Amino acid sequence: MTTTRGEERAAVRPASLRLPGIVLGVGLGGFVDGILLHQILQWHHLLSSTNTDNVGVRYYDPKTVPGLEMNTLWDGIFHAVCWLAVLIGLAILYSRVTHHRRRVWTSRVLWGWILVGWGLFNLVEGILDHHILGIHHVYPGPDQLWWDIAFLVLGALLVVGGWLLQRGGHSFDPVSGPDAPTGGRAPRNT
């Protein structure tokens, strides 16, 4: 049986770090948001602006004990979803990387995709929760729109910075190792 040149290239293409990196970035970005903004700074909780939301979610005033309990519950559900994203990202990464794991963890390619995932988290969460649903804002108050926009700008910068970082990374095959045959030219490890 003969194979085409395209089939040969596909057969030696390294396992991509794009999907596990983005999924890890979404989970880790969510953890940064939840731990820093929800818990440490206590600027907002998941449902802390439902008194002015766009979807009619019942308001739970985070300045009351019952309201804080409900907001903390939803913050916990949010963290559980972030935890699942990290576990899924690690599982995908583990399934794709069988050799030279240390080299993968120090790879610009992986960390670039993680930054892209974090930025995508900020963009999706910021547009959906802050602007469309309005269930919370980065820092509620008279300047909340500027805080929400800054959150989106940070997300866009993370996507661009992560993209540039991974583009500058060195390609290698995390399944077979750096010395695996690649059919001539080293493929990009995206």
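As a reminder, the structure under discussion sits directly above these lines.
Residues numbered from 1 in each chain as written. Predicted model: local features only at pLDDT ≥ 70, side-chain atom pairs only at ≥ 80, totals over all residues. Heavy atoms only, no water.

Moving on, we get to the overall build of the chain. Across its full length, the chain carries 6 helices and 0 strands. The helix and strand sequence of the chain, counted from the amino end, reads α-α-α-α-α-α. Within the span of the chain, comprising 190 residues, buried residues form 38% of the whole. Considering only intrachain contacts with a sequence separation of at least 6, the fraction spanning at least 24 residues in the chain is 75%. Carbon and sulfur atoms form 66% of the exposed surface of the chain, whose accessible area is close to 11000 Å². (Helix = DSSP H or I, 4+ residues; strand = E, 2+ residues; numbered from the N terminus. Buried < 20%, exposed > 50% of the residue type's maximum accessible area, 1.4 Å probe, protein only. Contact = heavy atoms within 4.5 Å. Areas by Shrake-Rupley, 256 points an atom, 1.4 Å probe, with all protein chains shown as cover.)

A few words on the side chain of His-79. Assignment of secondary structure puts His-79 in helix H3 (residues 65–96). For His-79, the residues in contact, after removing those within four places along its chain, are Phe-31, Gly-34, Ile-35 and Gln-39.

The grouping of Trp-83, Leu-84, Leu-87, Ile-88, Leu-90, Trp-105 and Trp-111 at the surface amounts to a nonpolar patch, some 680 Å² of accessible area in total. Here the nonpolar patch gets 5 residues from one element, more than from any other, and that element is H3. Relative to the helices and strands, Trp-83 is located in helix H3. (Patch = residues over 30% accessible without salt bridge, like charges linked within 9 Å, V, L, I, M, F, W, Y side chains within 5 Å. Salt bridge = Lys/Arg side-chain N within 4 Å of Asp/Glu carboxyl O.)

Tracing the backbone shows Leu-84 in helix H3. Taking relative accessible area as the criterion, Leu-84 reaches 45% and is therefore assigned partly exposed. Spatially, the C-alpha atom of Leu-84 lies 7.5 Å from that of Gly-27, the residues being 57 residues apart in sequence.

What characterises a pair of aromatic rings is the spacing of the ring centres plus the angle enclosed by the ring planes. Taken as a whole, this structure holds 6 aromatic pairs when the rule is applied. Measuring from centroid to centroid gives 4.7 Å for Trp-43 and Tyr-139, while their planes differ by 70 degrees, and the two rings are edge-to-face. A residue pair is termed long-range when its members are at least 10 positions apart, and Trp-43 in the loop between helix H2 (18–40) and H3 and Tyr-139 in the loop between helix H5 (108–132) and helix H6 (144–167) qualify at 96 residues. Taking the relative accessible area as the measure of exposure, Trp-43 reaches 25% and is therefore partly exposed. Given a relative accessible area of 38%, Tyr-139 falls into the partly exposed group. Considering the side-chain rings of Tyr-139 and Trp-147, the 5.3 Å spacing of their centres and the 50 degrees angle between planes classify their relative orientation as tilted. Taking relative accessible area as the criterion, Trp-147 reaches 35% and is therefore assigned partly exposed. Taken together, the aromatic side chains of Trp-43, Tyr-139 and Trp-147 make up a single cluster linked through ring pairs. (Phe/Tyr/Trp six-rings, centres within 6.5 Å; stacked < 30°, edge-to-face > 60°.)

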